[in-house]
Amino acid sequence: MLGRTYETQNCSAARALEIVGERWSLLIIRHAIFRNITRFGDFQRSLGVARNILAARLDRFVEEGLMERQPSSENSPYHDYVLTDMGRELQPVIVALTHWGDRWAAPGDPPVTFRHEECGGEVRQQAVCHGCGRPVAIEAVEAEPAAQAMSPA
């Protein structure tokens, strides 16, 4: 069995995948973001995920800070699982992954289109240079190790 961490790697992508890389994880987050689902039973019914798997994922999201467990209402035995800023910031990841899936994995037409609430235009993810503000092609992106990673030990 594989471990949960990559202790020998200094890689943010690997660390992020440890939190949200399992199949059900992004689907749960997707339903929380785009369907405003917060209740355990609603997640379970809409996704068809086994209760034990869902419970484990939601507990992990709370532990990692992606969600907060809040009482549903006064005197209610139920809880809501509410996204934190950290959890909501996965929205562009889900949009980008969905567009990739539409192009490379979906048979036929895309099942979902993301639209801007104000104007109705289609939302797409795009790499943009923080320095000049221009779009950047995939071929023009370099991965540069951080300064502290390059310094001698």
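Everything discussed here concerns the structure shown above.
These numbers were taken from a predicted model, which means no experiment stands behind them.

Novice: Would you mind going over the pattern of salt bridges with me for this structure?
Specialist: Side-chain pairs of opposite charge can arise where the charged atoms are in close proximity. This model, assessed by the stated rule, comprises 7 salt bridges. The salt bridge involving glutamate 22 is made with arginine 57; its shortest N-O contact spans 2.7 Å. Linking glutamate 22 in the loop between helix 1 (12-20) and helix 2 (23-34) with arginine 57 in helix 4 (residues 51-64), this pair joins segments that are 35 residues apart in sequence. Across the salt bridge formed by aspartate 59 and arginine 69, the nearest N and O atoms sit 2.6 Å from each other. Of this pair, aspartate 59 sits in helix 4 while arginine 69 sits in strand 1 (residues 67-71); the two residues are 10 residues apart in sequence, bridging distant segments of the chain. Of the residues examined, arginine 69 reaches a relative accessible area of 36% and is grouped as partly exposed.

Novice: When you look at the packing of helix 2 against helix 3 (residues 40-47) in this model, what are you seeing that I'm missing?
Specialist: Running from N to C, helix 2 and helix 3 cross one another at 115°; their axes reach a closest spacing of 11 Å. Here helix 2 lies roughly perpendicular to helix 3, going by the angle between them. The interaxial crossing formed by helix 2 with helix 3 has right-handed handedness. On the side of helix 2, the interface is formed by Trp24, Leu27, Ile28, Arg30, His31 and Ala32, while helix 3 contributes Phe43, Ser46 and Leu47. Here the contact of helix 2 with helix 3 is composed, by residue class, of 6 nonpolar, 2 polar and 1 charged.

Novice: Honestly, the packing of helix 3 against helix 4 in this entry has me stumped. Any pointers?
Specialist: At a minimum axis distance of 10 Å, the contact between helix 3 and helix 4 shows a crossing angle of 125°. Comparing their axes, helix 4 and helix 3 come out oblique. Two packed elements cross with a definite hand, and for helix 3 against helix 4 that hand is right-handed. Of the residues in helix 4, those touching helix 3 at Phe40, Phe43 and Gln44 are Arg51, Leu54, Ala55 and Leu58. Considering only residue class, the contact of helix 3 with helix 4 consists of 5 nonpolar, 1 polar and 1 charged.

Novice: I would appreciate a short explanation of the packing of aromatic side chains in the present structure.
Specialist: How two aromatic rings sit relative to each other is given by the distance of their centres and the angle of their planes. By the definition in use, this model includes 1 aromatic pair. Between phenylalanine 34 and phenylalanine 114, the aromatic rings sit 4.8 Å apart at their centres with planes inclined by 45°, giving tilted as the arrangement. With phenylalanine 34 in helix 2 and phenylalanine 114 in the loop between helix 6 (91-104) and helix 7 (147-150), the pair connects residues that are 80 residues apart, well separated along the chain. According to the relative accessible area criterion, phenylalanine 34 is partly exposed, its value standing at 32%.

So, how was this worked out
Residues numbered from 1 in each chain as written. Predicted model: local features only at pLDDT ≥ 70, side-chain atom pairs only at ≥ 80, totals over all residues. Heavy atoms only, no water. Salt bridge = Lys/Arg side-chain N within 4 Å of Asp/Glu carboxyl O. Helix = DSSP H or I, 4+ residues; strand = E, 2+ residues; numbered from the N terminus. Buried < 20%, exposed > 50% of the residue type's maximum accessible area, 1.4 Å probe, protein only. Axes fitted to C-alpha atoms, helices over the stretch in contact; angles between N-to-C directions. Parallel < 35°, antiparallel > 145°, perpendicular 65-115°, else oblique. Left-handed = near helix turned anticlockwise from the far one by under 90°. Contact = heavy atoms within 4.5 Å. Nonpolar A, V, L, I, M, F, W, Y, C, P; charged D, E, K, R; others polar. Phe/Tyr/Trp six-rings, centres within 6.5 Å; stacked < 30°, edge-to-face > 60°.

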